[in-house]
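Architecture and fold: a report
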Amino acid sequence: MTQDELKKQVAQEAIKYIKNVPVVGVGTGSTVNFFIEMLADHKADIEGAVSSSEATTQRLKNIGIPVLDLNSVGDIEVYIDGADEVDPRKKLIKGGGGALTREKIIAAASRKFVCIADETKCVDVLGKFPLPIEVIPMARSYVAREMVKMGGQPVWREDYYTDNGNEILDVHNLEILDPIAMEKTINNIVGVVTVGIFAMRDADVVLIGKGDRVEVME
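Residues numbered from 1 in each chain as written. Predicted model: local features only at pLDDT ≥ 70, side-chain atom pairs only at ≥ 80, totals over all residues. Heavy atoms only, no water.

**Description of helix α7 (residues 179–187)**
Operational definition: Accessibility here uses a 1.4 Å probe with only protein chains present; expressed as a share of the type maximum, an area under 20% marks a residue as buried, one over 50% as exposed, and anything in between as partly exposed. Strands here are runs of E lasting at least two residues and helices are runs of H or I lasting at least four, both read from the DSSP assignment and numbered beginning at the N terminus. Taking the helix axis as origin, the arc is that swept by the directions to the C-beta atoms. Should any heavy atoms of two residues lie within 4.5 Å, those residues are considered in contact.
Within α7, burial applies to P179, M182, E183 and I186. Down the axis of α7, the buried side of the element spans an arc of 105°, and every buried residue falls inside it. Residues of α7 that are buried in the fold lie against α5 (100–108), β7 (131–135), α6 (140–149), β10 (192–195) and β11 (197–198).

**Considerations on the packing of aromatic side chains**
Here a ring pair, both rings aromatic, is described through the centre-centre distance and the interplanar angle of the planes. For clarity, the cut-off: In summary, the pairing rule links any two rings of Phe, Tyr or Trp, Trp by its six-membered ring, whose centres are within 6.5 Å, and it sorts them by plane angle into stacked for under 30 degrees, edge-to-face for over 60 and tilted for everything else. Here, a charge over a ring means that NZ of Lys or CZ of Arg falls within 6 Å of the ring centre while also lying within 35 degrees of the ring normal.
Overall, the coordinates contain one aromatic pair when judged by the stated rule. On the basis of an interplanar angle of 35° and a centroid distance of 5.2 Å, the ring pair of Y79 and F113 is categorised as tilted. One end of the pair, Y79, is in strand β3 (residues 76–81); the other, F113, is in strand β6 (residues 110–118), and 34 residues separate them in sequence. Look at F113 and you get buried, because its relative accessible area is 0%. The lysine or arginine in question, K104, covers the ring of F198, its NZ or CZ lying 5.0 Å from the ring centre. A cation over an aromatic ring shows up here: R140 above the ring of W156, its NZ or CZ 3.8 Å from the ring centre.

**Focus: the sheet that holds strand β2 (residues 48–51)**
Applicable threshold: Two strands make a pair as long as DSSP finds a minimum of two bridges between them. Lines fitted to the C-alpha atoms define the axes, with helices restricted to the stretch that makes contact. Angles between their N-to-C directions range from 0 to 180 degrees.
Read from one edge of the open sheet, six strands run β2-β1-β3-β6-β12-β13, paired in mixed fashion. For this open sheet the edge positions go to β2 and β13 (213–217), each flanked by a neighbour on one side alone. The average undirected angle you get between the axes of adjacent strands in this sheet is 25°. Lying over the sheet, helix α2 (residues 30–39) contacts β1 (23–26), β3 and β6, oriented at roughly 155° with respect to β1. Contacts from helix α3 (residues 54–62) reach β1 and β2 within the one sheet, and its direction differs from that of β2 by about 165°.

**Re the sheet that holds strand β4 (residues 85–86)**
For sheets, the rule is that strands pair by backbone hydrogen bonds, running either parallel or antiparallel. Read across the sheet, three strands follow the order β4-β5-β11 without closing on themselves; strand pairing throughout is antiparallel. Lying at the two open borders of the sheet, with one neighbouring strand each, are β4 and β11. Note: strand β5 (residues 92–93) against β11, two bridges, orientation antiparallel. Each bridged residue has a counterpart across the sheet, and for L92 the counterpart in β11 is F198.

**Focus on the side chain of T57**
Relative to the helices and strands, T57 is located in helix α3. Contacts of T57, omitting those with residues within four sequence positions, involve S51 and V67.

**With respect to the pairing of β2**
Counted only if it meets this: Viewed with both strands pointing away, a crossover whose connecting path from the first strand over the helix to the second turns clockwise is right-handed.
Covered by surrounding structure in β2 are G48 and V50 together with A49 and S51, the residues of both alternating faces. Once the chain exits β1 it traverses α2 before rejoining the sheet at β2, and the crossover so formed is right-handed.

Structure below.
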């Protein structure tokens, strides 16, 4: 199967998790885009969705699904999102699409976080994918220097701004052996909005498109 076919396969499997769920949290990225397309057939069954990015908001509106403000809905039953890397303990790296802060907020506010990914995203140790960090613009160079001290090689995602008006550093050459500890350490650097390690609030379920089947990690 092609990578897109694997993504469609796992997106279809995620539809099962929104049964009897009035408000769905919806992430950002290529795999989630397939999920949104399939959500069009189920829009009569849900009241609306909470979106993690302006791009996802537009896609949801295009298929007629109301987009709700998280402040108006409280806790969300289920959040569906992808990942850039997944380790065997369901810890994730996210943020390749730049929506990591809103994604992390929705994940925290959700009772169940279902991560959908194809088998190319599975790793034994996080860090092969450059780690995104959303930073306040004036702190970019300072945070970059702090990441060098931690052994990383930060690269500014030049001319890119998040939906929150901030900038992103993509940090290469990190081997994230203790994701929770590193998430806490980086989040505590002044000027960091959030880091793309999803370990303190990791996935509850990971659906992996693998060959002709979907593997479930719970």
